[in-house]
Amino acid sequence: MDVEKSSSSSFEDLTNAEDTKDIRAAQVAASVAETLAAQVDNDNDDNAKTQTANDEESAGDGEGGDNEEDVCDILGNKQLLKRIIKKAPSSEKRPNRGDLVTITFTGKLEDGTVVEKEERFQCHVGDYEVVQGLDMVLPMMHVGEQAEITVDPRFGYGTLGLKKENSTEVIVAPNAHLIYEVELIDAKYEDFADLKTFEVLRKYGARKKERANYFYKRVEYNNAIHLYRRALDYLDNRDGDPDAEFGKEDLELSNSDSQSLLEDRLIVYNNLAMAQIKIGAFDAALQSVEHVLRCQPNNPKALYRKGRVLEGKADTQGAIKLLQKVATLEPDNRAVQSDLARLFIKARREEHNEKEMYQKMLGQAKKMEQTTAVRQKTPLVDNSKLKLLGFLMGSILIGVAGVAIYRYKY
């Protein structure tokens, strides 16, 4: 029942469970980028001739300079450093969140070992498709700029490191610092008109899904959820516009293409539901599996995940019914059989606990009845004693009165 596997880089989870689309670190980087851009513009206006001379001198040296003042401490804690190797004109475009960028980069360890290398790699800014430190710096670069980025483990591969796919071979050790040399080749805002082909929609959707699967395996569920939702934005026939209604501006796709997008979309919904279950978002997970079951009522994975959701919502009997259906569809699935046996034990335990609770409630009710009866009898005993005392006092008074009368007469 696990999601499909993939391999790429890591991304620290800086989001909360309710809103996985906002990344605080990216926002900080964007604000810093705006400040730096303003400073660069001012310098260009005031010192254009000096800047040109410095650029020529830097080009002659072959390096952007190694002085401390040439290094930008982006976060102010030396965990993310940027040094410009080749400057670009300030008039060139800087990418925004969601833009499609083309970059060439090389990632190295501190000893110079190359661990990543990509030529003309395309990704969307803010979609976690490259290591987090690099993703945070991209909005601060101009098209044509080359820079060296020093990344702390927190914004790299963290405590897990990076292993080769389907292997125990370690590529990046846990808590390793990384140094990237990156060139921003192009940045483009994609209008929905750019997404009017089946090939583009499926390529982007599959890429987001694979990246989400990678984060799921790293137990970074919020990042996985964000990317599954991004995949769903593309895997439909509404020009990639998630706010558009079906039936409006639909793409003209063949039946086979529409079916392919539908099948990919159902896979993503299934995976999304599992990630939502992992963080306890059972209501959202229920909505995700219902999308699948509306199209495929006997989808075993969707039924299994719905059973997990019902168990999380304390509906053990409902979960048992769904898993029994899954066991009928997949009689050789041992995981389902194991979960079903566990649910039966849980149901018996819950039934036993309910009986004990009812017995305690009945026992307390009987005790209350007995206490009430004793309280009702107690006043009767007291009244009889008072009557006896009154009778004795009356007799004594009568006797005393009789003696007094007798002495008065005689």
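Reading the values: the criteria
- Residues numbered from 1 in each chain as written.
- Predicted model: local features only at pLDDT ≥ 70, side-chain atom pairs only at ≥ 80, totals over all residues.
- Heavy atoms only, no water.
- Helix = DSSP H or I, 4+ residues; strand = E, 2+ residues; numbered from the N terminus.
- Contact = heavy atoms within 4.5 Å.
- Areas by Shrake-Rupley, 256 points an atom, 1.4 Å probe, with all protein chains shown as cover.
- Salt bridge = Lys/Arg side-chain N within 4 Å of Asp/Glu carboxyl O.
- Buried < 20%, exposed > 50% of the residue type's maximum accessible area, 1.4 Å probe, protein only.
- Expected span 1.5 Å × (residues − 1).
- Pairing = 2+ DSSP bridges.
- Axes fitted to C-alpha atoms, helices over the stretch in contact; angles between N-to-C directions.
- Core = buried A, V, L, I, M, F, W, Y, C linked by side-chain atoms within 4.5 Å.
- Phe/Tyr/Trp six-rings, centres within 6.5 Å; stacked < 30°, edge-to-face > 60°.

1. Notes on the overall build of the protein chain
Summing up its helical and strand segments, the protein chain has 10 helices and 8 strands in all. Taking the intrachain contacts of the protein chain between residues at least 6 apart in sequence as the baseline, contacts between residues at least 24 apart amount to 68%. Per element, the accessible surface of the protein chain, about 23,800 Å² overall, is 51% carbon and sulfur.

2. Here we look at the pattern of salt bridges
Counted by the stated rule, this structure contains 17 salt bridges. Across the pair Glu129 and Arg207 runs a salt bridge, and its minimum N-O distance is 2.8 Å. With Glu129 in the loop between β4 (114–124) and α3 (132–137) and Arg207 in helix α4 (residues 198–217), this pair connects stretches of sequence that are 78 residues apart. With relative accessibility at 5%, the residue Glu129 sits in the buried group.

3. Overview of unusual backbone geometry
Residue Lys78 is not a glycine yet carries a positive backbone phi of 65°. Tracing the chain through its elements places Lys78 in the loop between β1 (71–73) and β2 (80–86). Despite not being glycine, Ala314 shows a phi value in the positive range, around 70°. Inspection of the secondary structure assignment puts Ala314 in the loop between α8 (300–312) and α9 (316–329).

4. Notes on α8
For α8, which comprises 13 residues, the first-to-last C-alpha distance of 18 Å matches the rise-based estimate of 18 Å (1.5 Å per residue) to within 8%. For α8, the complete set of buried residues consists of Ala302, Leu303, Tyr304, Arg305, Lys306, Gly307, Val309, Leu310 and Glu311. Count one or two residues on from α8 and you reach Ala314, which has phi positive near 70°.

5. Details of the pairing of strand β8 (residues 178–188)
Of the pairings in the sheet, the one linking strand β3 (residues 100–109) to β8 comprises 10 bridges and is antiparallel in character. Considered in β8, the bridge of Leu100 is made with Lys188. Bridge count between strand β5 (residues 146–151) and β8: 6 bridges; the pairing is antiparallel. Bridging across to β8, Glu148 finds its partner in Glu181.

6. A short note on the sheet that holds β3
In space, the 6 strands of this open sheet follow the order β1-β2-β5-β8-β3-β4, with antiparallel pairing throughout. Of all the strands in the sheet, the pair left with one neighbour each is β1 and β4. Taken pair by pair, the neighbouring strands of this sheet meet at an average axis angle of 20°, ignoring direction. Both β2 and β5 contribute to a ladder of 6 bridges, which runs antiparallel. When the bridges of β5 are listed, Leu81 appears paired with Thr150. Where α4 meets the sheet, its contacts fall on β3 and β4, and the angle it forms with β4 comes to roughly 140°.

7. Quick word on the environment of Leu322
Among the structural elements, Leu322 can be located in helix α9. Separated by 20 residues in sequence, Leu322 and Ala302 have C-alpha atoms that sit 9.9 Å apart. Setting aside chain neighbours within four positions, we find Leu322 in contact with Leu303, Lys306, Gly307 and Leu310.

8. Some remarks on the nonpolar core
Among soluble globular proteins, nonpolar side chains are generally buried collectively. Ranked by internal contacts, the top residues of the largest apolar core, which has 81 residues, are Ile103, Leu134, Ile149 and Tyr180. If you tally residues by element for this core, the top one is helix α6 (residues 255–278), at 9 residues.

9. Focus: the packing of aromatic side chains
Any aromatic ring pair is given by two values, namely how distant the centres are and how the planes are angled relative to each other. Applying the stated rule across the entire model yields 6 aromatic pairs. The interplanar angle of 55° and the centroid separation of 6.1 Å between the aromatic rings of Phe105 and Tyr180 together place this pair among those described as tilted. Of this pair, Phe105 sits in strand β3 while Tyr180 sits in strand β8, and the two are 75 residues apart along the sequence. Accessibility classification places Phe105 together with Tyr180 in one group, the buried group. Aromatic side chains Tyr214 and Phe215 sit 5.3 Å apart centroid to centroid with 65° between the ring planes, which places their arrangement in the edge-to-face category. When sorted by exposure, Tyr214 lands in the same class as Phe215, which is buried. Cluster of aromatic residues (ring-pair linked, three or more members): Phe105, Phe121 and Tyr180.

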